[in-house]
Amino acid sequence: WHPRTSGTTNALRATTFFNNRLLVTGESGTVVWADSLEDFQLLDLGTADWLEGVAASGTLAVAVGDNGAAYTSTTGTNWTRETTGFTTWLRGVTAGNNLFVAVGEGGRIATRAANGNWSVETSGTVQHLNRVAFIGSQFWAVGDAGTVLVANSSGKGWAPVAGFTTTNALNAIAGTNDYLVIVGDREVRLQN
């Protein structure tokens, strides 16, 4: 591991690769981008909103955060705030199947279609959802009180996953076609 200078002292909360460009988001509208891991560029989106999650498809990057904030970029260097229609704080976002899915406080799940329209989906929970991932052909979300939800490839039909027994907060999920890994407070769970 080699330290790098980010150009900011703000808290950094999420990262993704947008093709070959590294994107990092964080406190007070902070965006850091780099085409070379030796040369980081700092952007200030001019907002107090923390950007808690960032994800990218091949053609679009989406960052989400406080107060229903959603920013999009086709370059990673210029960002536009979108209207989501809600003010719920968002904690995570993922890309899959030509759409973006964001999750957040109070069980909020929202999908962003290719045309830029945001829609609120029914999650069936009031627990805070911390992260979301597109794995195989499904969307998965994890959250507080051991919440694990799964939905179809269109980000609809969210349902709890049976047999997952914990009350600890779950903070991240990743997987392949063969394995799922969920981690959280004193938790590492593997399914194959």
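Here, the structure is the one placed above.
For clarity, every value in this text was computed on a predicted model and none was experimentally measured.

**Side note on the environment of A95**
Topologically, A95 is positioned in strand 9 (residues 90–96). Given the relative accessible area of 21%, A95 is considered partly exposed. The spatial distance from the C-alpha of A95 to the C-alpha of V54 is 9.4 Å, given a sequence separation of 41 residues. The residues touching A95, leaving out its near neighbours within four places in the chain, are A55, A56, S57, F100 and F134.

**Comments concerning the sheet that holds strand 18 (residues 180–184)**
Ordered by their spatial adjacency, 3 strands build an open sheet running 17-18-19, and the pairing between neighbours is antiparallel. Taken across any chain shown, the strands that pair with only one partner, and hence form the sheet edges, are strand 17 (170–175) and strand 19 (187–191). Averaged over neighbouring strand pairs, the angle between their axes works out to 15 degrees when direction is ignored. Bridge count for strand 17 against strand 18 is 5 bridges, and the pairing is antiparallel. When the bridges of strand 18 are listed, L170 appears paired with G184.

Definitions and cut-offs
Every chain is numbered independently, its residues counted from 1 as its sequence is written. Only residues with pLDDT of 70 or above have their local features reported here, since the model is predicted, and side-chain atom pairs are shown and tallied only from 80 upward, although totals for entire chains, interfaces and linings are computed over all residues. Note that water and hydrogens are dropped before the side-chain values are worked out from all heavy atoms of the structure. What counts as a helix is a DSSP run of H or I of at least four residues, what counts as a strand is a run of E of at least two, and both are numbered from the N terminus. Partly exposed describes any residue whose relative accessible area lies between the buried limit of under 20% and the exposed limit of over 50%, with all areas from a 1.4 Å probe on protein chains only and scaled to the type maximum. It only takes one pair of heavy atoms within 4.5 Å for two residues to be counted as in contact. Two strands qualify as a pair provided DSSP detects at least 2 bridges between them. To get an axis, fit a line to the C-alpha atoms, keeping to the stretch in contact for a helix; angles then go from 0 to 180 degrees between the N-to-C directions.

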